[in-house]
Amino acid sequence: MGLCRRRWRVLGFALGVLFFILIIHIHVPKAQKDVTDDDIMIPLKSRHKNQEEYIDKRGIHVVVGHYLGDEVPGKTTPNLTHELLNSNGYSPQPHAGEMGNPVQIPAWEAARMQQLYHINKFNLLASDRISVNRSLPDVRKKQCQGKDYQVDRLPSTSIIIVFHNEAWSTLLRTVHSVINRSPRRLLKEIIMVDDASERDFLKKPLEDYVAKLSVPVRVIRSDVRTGLIRARLLGAQVAQGDTLTFLDAHCEATTGWLEPLLSGIAEDRTRVVCPIIDIINDDNFQYVRSFELHWGAFNWNLHFRWYALGHREVDQRKKDTTKAYRTPAMAGGLFSIEKDFFYQIGSYDRNMDVWGGENLEMSFRVWMCGGSVEIAPCSHVGHVFRKSSPYTFPGKGGVGSILYRNLARVATVWLDDWADFYFKMNPEADRVRDEVNVRERLVLRNRMQCQDFQWYLDNVWPEHFLPTKDRFFGKIRHEQKGGCLQKPGIIGTASQPTGPTVIKDCVIEAFQPQLFVFTKKGYIMTDESVCLDAPDASSSKDPQVRIMACNELPRQKWTYDEPSKQIRHVQSGLCLDLPSQTHPDTLSLQLCDSTLRSQRWIFEDVKWSRNQ
Ligand code: UDP
Ligand code: MN
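Residues numbered from 1 in each chain as written. Chains lettered and ligands numbered in written order. Predicted model: local features only at pLDDT ≥ 70, side-chain atom pairs only at ≥ 80, totals over all residues. Heavy atoms only, no water.

A. Local environment of the environment of P275. Examined against the element boundaries, P275 turns out to sit in strand β10 (residues 271–280). Sequence separation between P275 and W257 is 18 residues, and the spatial gap between their C-alpha atoms is 7.3 Å. In this structure, P275 is in contact with L261, L334, F335, I375, A376, S379 and V381, ignoring residues within four places of it in sequence. (Helix = DSSP H or I, 4+ residues; strand = E, 2+ residues; numbered from the N terminus. Contact = heavy atoms within 4.5 Å.)

Here it is, written out as structure tokens:
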């Protein structure tokens, strides 16, 4: 008896520990999806008693919250029962969300709204109130609306939608928006690939429903969770159209979305064409048009990012705003590609799991092996961007190790010398580097006689901020203070990023916020396409030096005078100096004086590749 009770106590203790582990949540921006628990570098002051915040070694602001999360019943938590997860709550209300308008949930339903939010990590209650046939505004530019795409001459397409535990309303709104807003003759079929979903309503009810639609819809299923990459390959395998058009399971196509994609391919079958991805707000399902002034690329951690268009593309758009423009990388979820070209160019790396990295893999491969990746500005498709993933990342190590493994594959196959740089910046990926076997993909690259990554950087993304052989890469040290130039943790807003330029104690070599490149053109750049800038150099008597989005304007140009160790601002002729009294939080520009110790800077190389 006594022994028995003791066992229960031990079991209870073990459960308690497990429970504690379960409720630790790491909040990083969705785009990163990294695991950062071993990254603790600089603790910040805690905002809440039970939260830790710190800037990790990449300069990412991380909040570790210890709170009662999704899995815990009672309290603030959604009690996600089997019954609830398996019920289809779709019940459209008159006018809700029409014309892309937001849906407001009344206060008395807030608790239910929050509970349901956790199922898909978007406002499911709001989505379920909006018709799967909701209307949307025509968000295209006038010039686009007037364009004749000669539909009769365009190739047909198979729409491929992969999904894992998607909500009924978002999934079917994707399907209906495609049917409602595409020329019928271009739609060969819609292929829905179920990646081992666990919801009852996604089984027979889905098949019965889609059988009645006016376009042939096939539902194919993977019995085991195979991940979005192999799920898309399953869909492509059975596709009968001339082209493949991939969509996420929570999209809404707008008027005229398909013609520009297919017309780009009709002109040149080696193009991979993406729409402008508009935003369906994850809280209220409002349709928000995105700007057409960005292209896709990636940061030092191989995370996909939107950055300001390159100059060649801006110039092209001035001549013709309807023309597709080139992009270094694609977001990955939404694009069209000719079916034969898809296979010719190596389809996907089928050894990539679950989510992530496949978009960069395809972008590098297509560019380097003879194709191009483009954005058709006349094609607008909405996508629900989520702040976190609703689904599991099965296997040892979870999201972190899966993503790093995928990215290690991308780096090893396509990045040449820059693979060393990626692994140096990302020790978590370095740790799994030896576990991945990419022989087949290297054979493919060799067989197709692809260009190298240097070619890609020079020709496709000359505005990049990676180190190269003819650029300085390393730390910029202030001789007198001993500290290093550091990019601030948070730089303004996405559209107008600006932050102070500061000197901080120099820390470990690979601390990203203290690493800069100095380009031949005179730009001092760092990760995320930000540059040392002096925005008020010509208007102020006491100019401040800021870190801002790189814009290739003359005011971002600098030269280094080796003998005097001064960093000179080209446009004003002034020199980089310590903060002035009026703006003590950021570096300043002062009249150059080679006797001033406060104007002396030392460039310290950091090795980034073994072949340097
Ligand atoms: N998906 C899948 N299997 C997985 C993970 C994702 O089929 O293991 C699907 C998912 O349902 C979605 C698409 O792949 O339709 C892209 O995933 P998600 O929307 O989560 O990616 P994000 O848009 O956040 O990058
Ligand atoms: Mn998505």
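B. Highlighting a nonpolar patch on the surface. A contiguous nonpolar patch, built from I279, V288 and F385 and spanning about 220 Å² of accessible area, is present on the exposed surface. As for its placement among the helices and strands, I279 is situated in strand β10. By relative accessible area, which is 37% here, I279 ends up partly exposed. (Patch = residues over 30% accessible without salt bridge, like charges linked within 9 Å, V, L, I, M, F, W, Y side chains within 5 Å. Areas by Shrake-Rupley, 256 points an atom, 1.4 Å probe, with all protein chains shown as cover. Salt bridge = Lys/Arg side-chain N within 4 Å of Asp/Glu carboxyl O. Buried < 20%, exposed > 50% of the residue type's maximum accessible area, 1.4 Å probe, protein only.)

C. Just the state of the cysteines, in detail. All told, the structure shown has five disulfides when counted by the stated rule. Across the disulfide from C144 sits C378; the S-S distance is 2.0 Å. When the S-S torsion is -70 degrees, as for the bridge of C144 with C378, the disulfide is left-handed. Pair noted here: C144 is in helix α5 (residues 142–145) and C378 is in strand β16 (residues 372–384), with a separation of 234 residues, a long-range link. Taking the relative accessible area as the measure of exposure, C378 reaches 1% and is therefore buried. Once the disulfide-bonded cysteines of the chain are ranked by sequence position, their pairing pattern turns out to be 1-3, 2-4, 5-6, 7-8, 9-10. (Disulfide = S-S within 2.5 Å.)

D. Up close: the pattern of salt bridges. What the rule picks out here adds up to 38 salt bridges. The salt bridge partner of R221 is E207, with a shortest N-O separation of 2.7 Å. Of this pair, R221 sits in strand β7 (residues 217–222) while E207 is found in helix α7 (residues 204–211), placing the two residues 14 residues apart along the sequence. With its nearest N and O atoms 3.9 Å apart, the salt bridge here joins K318 to D315. Of this pair, K318 and D315 both sit in helix α10 (residues 311–319), three residues apart, roughly one helical turn. A relative accessible area of 41% places D315 in the partly exposed class. Among the ionic contacts, a cluster of salt bridges with common partners joins K141, R289, E292 and R317.

E. A look at the coordination of the manganese ion (ligand 2). Every protein donor of the manganese ion (ligand 2) is accounted for by D248 (OD), H250 (NE2) and H383 (NE2), and the metal-donor separations fall at 2.1 to 2.3 Å. For the manganese ion (ligand 2), the donor residues sit on a single chain with the sequence spacing D-x1-H-x132-H. Of this pair, H250 sits in the loop between β8 (243–247) and β9 (251–253) while H383 sits in strand β16, and the two are 133 residues apart along the sequence. The exposure class of H383 is buried, given its relative accessible area of 10%. (Donors = N, O, S within 2.8 Å, 3.2 Å for Na, K, Ca; no water.)

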